[in-house]
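What follows is the residue order along each chain.
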2 protein chains.
Amino acid sequence: METEGSRSESGRGESGRNRVNLPPVALVRNTGFLMSKVSQLAREGFERALEPMGLQARHYGVLVVLVGEGPHAQRDLGEKLAIDRTTMVGLVDELEGLGLVERRRDPEDRRRYDLALTDAGKRTISEAEAVATRVQDAVLGPLDNAERRLLHEMLTSVLRNLDDDARFWEASR
Amino acid sequence: METEGSRSESGRGESGRNRVNLPPVALVRNTGFLMSKVSQLAREGFERALEPMGLQARHYGVLVVLVGEGPHAQRDLGEKLAIDRTTMVGLVDELEGLGLVERRRDPEDRRRYDLALTDAGKRTISEAEAVATRVQDAVLGPLDNAERRLLHEMLTSVLRNLDDDARFWEASR
DNA sequence: TATTGTTATACTCTATAACTATA
DNA sequence: TATAGTTATAGAGTATAACAATA
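Residues numbered from 1 in each chain as written. Chains lettered and ligands numbered in written order. Predicted model: local features only at pLDDT ≥ 70, side-chain atom pairs only at ≥ 80, totals over all residues. Heavy atoms only, no water.

A.B. asks: Sorry if this is basic, but what is going on with the overall build of chain A here?
C.D. replies: Within chain A one finds seven helices and four strands. Reading the secondary structure of chain A in the N-to-C direction produces α-α-α-α-α-β-β-β-β-α-α. The buried share of chain A, taken over its 173 residues, is 46%. Long-range contacts, defined as pairs at least 24 residues apart, comprise 48% of the intrachain contacts of chain A with a sequence gap of at least 6. When the accessible area of chain A is evaluated, it comes to approximately 9,200 Å², of which 47% is carbon and sulfur surface. (Helix = DSSP H or I, 4+ residues; strand = E, 2+ residues; numbered from the N terminus. Buried < 20%, exposed > 50% of the residue type's maximum accessible area, 1.4 Å probe, protein only. Contact = heavy atoms within 4.5 Å. Areas by Shrake-Rupley, 256 points an atom, 1.4 Å probe, with all protein chains shown as cover.)

Right under this line is the structure:
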C-alpha cells in the first residue's frame, strides 16, 4: 500500500501536502463525535485484546453480570444488558460452547434457565476483567488519576440525566 | 449474591420495587462502558432530532465536511469520513435525491466527481448544525461550561493518543 | 496498469413472528 | 391466556469482488 503522503504529482487537487487521514475539523469540534470515536476505538481495542481468549466484548457483558450479580434467567440477563431474548440464545450458546456458562433448568419454573458461571467461566471472567482494566488504562493513558475520576463523574451525571429523560435503557430497545 | 433484591419468593413479576432496567453495577464502573452508552444515546437523540428534516446522522457528516472544507471527490470524502467508497455511492445517492448535493464531473479527471452542496444543501446543513448544537446541549446539560470544556479537552487528548498508536482512522477501516 | 465510481453479492448484527413447553 | 426459550426469517448496515470508464 502506498501512503497518501507524497503523491502531489498529477496534482489531485488538495494542493500539495494535504493529509487526508485526519478527522474533519468540523467534526472534531463536536464533543459527541469525539466521544463516539473514542468509545469506538476503545471497543475495537478491547475486542482485539479479548480475541486471544476466544471472547468478544459482548460475551464480557454477560459474564460480568453473572459474576457480579449471580445466576440469572436468560431473559432477565438480556433485559439487564438490553439484549433481545432471541439474540441471547446464540450468545449463551457460544458461552456454553466455550464451557464458561451452564444452562440449568430452574426447578421452580421449568420454562426458565438458571444461568450460572462454570469454574472455567469464573477464571475466564477474572482474566477478562484484567484485560478490560489494561485496555481502559491504555485508552485513558494521557489522563492523570484526578482527571480520570472527573471524567467518570461527568459521564455518570450525563448518563443519569439522559436516564431521567426516560431515554436510557428504554430507548435503546 | 443477594443483589436480585427480594426475588427469593416464587413471584415471577419483578415484585414491587425491583427495577430491572438499571445498568449492571459492574459495567457502570467502567468508563468505557459509560462513554459508549452516552454516545449511543446521544446518537439516538441526534437521529431523532434530525428525522423531521429527512436526514440521518451519517448524512450530517458528509454535509458538514462539504460546507467546512469545500467540494470533494466522492472517494476523498469517504476517506475523510472513514466510509468505504461503495457505501459512499448510496449515501451520496440519497443526498442527491434530497437535492442537497450535486454530482458534477471533474473536468480535469473525468473519473471523479466534484461533489458540492446545492443552495438547499447549504440551508439544510446550517439547520442541521443548529440541531446538533441543541442535542449536544441537552446531553451535556448537567455540566457547566468549564466542565464541558474540560471534557472536550480530555477527549481530544485521549483521541490524539489513540491516533499516535496508529489506531485511529486506519483501525476503523 | 491503476484508479473512480458502480453494481452485485455476502456477511454481520439484530429484531420480528411463529412455534414449544411450561405455567 | 401468558411467558421462557427457540427457530426461521428478514432487515439494516457495511464490506469484498468484479466491471466500465478514464487516466
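A.B. asks: When you look at the protein's contact with DNA strand D in this model, what are you seeing that I'm missing?
C.D. replies: Inspection of the region around DNA strand D gives 17 residues, with Gln74(A), Arg75(A), Arg111(A), Arg112(A) and Arg110(B) positioned closest. The contact in question runs from a base oxygen of DNA strand D to an N or O atom on the side chain of Arg85(A), over 3.0 Å. Separating a phosphate oxygen of DNA strand D from a side-chain N or O atom of Arg58(B) is a distance of 3.2 Å. For the surface near DNA strand D, the secondary structure elements donating two or more residues are helix 4 (74-81), helix 5 (85-97) and strand 3 (109-113) of chain A together with helix 5 (85-97) of chain B. Taken together, the residues that form the surface near DNA strand D break down as three nonpolar, four polar and ten charged. (Near = heavy atom within 4 Å. Polar contact = N/O pair within 3.5 Å; in protein donor to acceptor, adjacent residues only side chain to side chain. Nonpolar A, V, L, I, M, F, W, Y, C, P; charged D, E, K, R; others polar.)

A.B. asks: What's the story with the packing of aromatic side chains in this structure? I'm lost.
C.D. replies: Residues and elements named next belong to chain A. Counted under the stated rule, the structure contains two aromatic pairs over all chains. On the basis of an interplanar angle of 90° and a centroid distance of 5.1 Å, the ring pair of phenylalanine 46 and tyrosine 60 is categorised as edge-to-face. Placement of phenylalanine 46 in helix 2 (residues 31-50) and of tyrosine 60 in helix 3 (residues 57-69) is noted, with a sequence separation of 14 residues between them. Neither residue differs from the other here; phenylalanine 46 and tyrosine 60 are each classed as buried. (Phe/Tyr/Trp six-rings, centres within 6.5 Å; stacked < 30°, edge-to-face > 60°.)

A.B. asks: Mind showing me how you'd approach the pattern of salt bridges here?
C.D. replies: Two side chains that carry opposite charge are able to pair once their charged atoms sit near each other. All names here are of chain B. Tallied over the entire structure, the rule returns 28 salt bridges over all chains. Among the ionic pairs, arginine 75 bridges to aspartate 76, the shortest N-O distance being 3.6 Å. On the basis of relative accessibility, which here comes to 10%, the residue aspartate 76 falls in the buried class. The salt bridge partner of aspartate 109 is arginine 112, with a shortest N-O separation of 4.0 Å. (Salt bridge = Lys/Arg side-chain N within 4 Å of Asp/Glu carboxyl O.)

A.B. asks: Please explain the packing of helix 3 of chain A against helix 6 (residues 119-139) of chain A as it appears in this structure.
C.D. replies: In helix packing, the relevant descriptors are the interaxial angle and the interaxial distance, both defined with respect to the helix axes. All names here are of chain A. With their axes 10 Å apart at the nearest point, helix 3 and helix 6 run at an angle of 115° to one another. The crossing of helix 3 and helix 6 is left-handed. Along its contact with helix 3, which presents Tyr60, Leu63, Val64 and Val67, the element helix 6 presents Thr124, Ile125, Ala128, Glu129 and Ala132. When the residues that make up the contact of helix 3 with helix 6 are grouped by side-chain class, the tally is seven nonpolar, one polar and one charged. (Axes fitted to C-alpha atoms, helices over the stretch in contact; angles between N-to-C directions. Left-handed = near helix turned anticlockwise from the far one by under 90°.)

A.B. asks: Hey, could you run me through the side chain of Arg148(B) in this one?
C.D. replies: Residue and element names in this part refer to chain B. Of note, arginine 148 is situated in helix 7 (residues 145-164). Polar contacts involving the side chain of arginine 148 include one to the side chain of aspartate 137, which spans 3.1 Å. Separated by 3.1 Å, the side chain of arginine 148 and the backbone oxygen of leucine 140 make a polar contact. Apart from the residues lying within four places of it in its own chain, the contact partners of arginine 148 are Asp137, Leu140, Gly141 and Leu143.

A.B. asks: Just to check I follow, could you spell out the nonpolar core for this structure?
C.D. replies: One broad rule of soluble globular proteins: the nonpolar side chains tend to lie buried together. By size, the foremost hydrophobic cluster in this structure holds 86 residues, and its most contacted members are Tyr60(A) and Tyr60(B). For Tyr60(B), the contacting residues outside a window of four places in its chain are Leu27(A), Phe46(B), Leu50(B), Ile125(B), Ala128(B), Glu129(B) and Ala132(B). (Core = buried A, V, L, I, M, F, W, Y, C linked by side-chain atoms within 4.5 Å.)

A.B. asks: Is there a simple way to think about the pairing of strand 3 of chain A in this case?
C.D. replies: Along any regular strand the residues' side chains alternate between the sheet's two faces. Residues and elements named next belong to chain A. Examined bridge by bridge, strand 2 (residues 105-106) and strand 3 share two bridges and lie antiparallel to one another. Each bridged residue has a counterpart across the sheet, and for arginine 105 the counterpart in strand 3 is tyrosine 113. Where strand 2 hands over to strand 3, the hairpin turn is made up of two residues, counted between the paired strands. (Pairing = 2+ DSSP bridges.)

A.B. asks: I tried to follow the packing of helix 2 of chain A against helix 6 of chain A on my own but got confused; where do I start?
C.D. replies: Residues and elements named next belong to chain A. Here helix 2 crosses helix 6 at 140°, and the two axes come no closer than 10 Å. Here helix 6 runs oblique to helix 2, going by the angle between their axes. The element helix 2 and its partner helix 6 pack so that their crossing is right-handed. Listed contacts from helix 6 to Val38, Ala42, Gly45, Phe46, Ala49 and Leu50 of helix 2 are Ala128, Val131, Ala132, Arg134, Val135 and Val139. For the contact of helix 2 with helix 6, a count of residues per class yields ten nonpolar, one polar and one charged. (Parallel < 35°, antiparallel > 145°, perpendicular 65-115°, else oblique.)

A.B. asks: Help me understand the domain arrangement of chain A, please; the structure alone is not making it clear to me.
C.D. replies: One widely used convention gives an interface's size as the accessible area the parts lose upon coming together. Splitting chain A by domain gives domain 1 (39-139) and domain 2 (143-173). Once you take the C-alpha centre of each, domain 1 of chain A and domain 2 of chain A turn out to be 23 Å apart. (Domains from an automatic or database assignment.)

A.B. asks: Just checking my understanding: could you explain the environment of Asn30(B) for this structure?
C.D. replies: Residue and element names in this part refer to chain B. Within the secondary structure, asparagine 30 sits in the loop between helix 1 (25-28) and helix 2 (31-50). By relative accessible area, which is 18% here, asparagine 30 ends up buried. Distance from asparagine 30 to glutamate 108, taken between C-alpha atoms, is 52 Å for residues 78 residues apart in sequence. In this structure the side chain of asparagine 30 is engaged in a polar contact, spanning 2.7 Å, whose partner is the backbone nitrogen of glycine 32.

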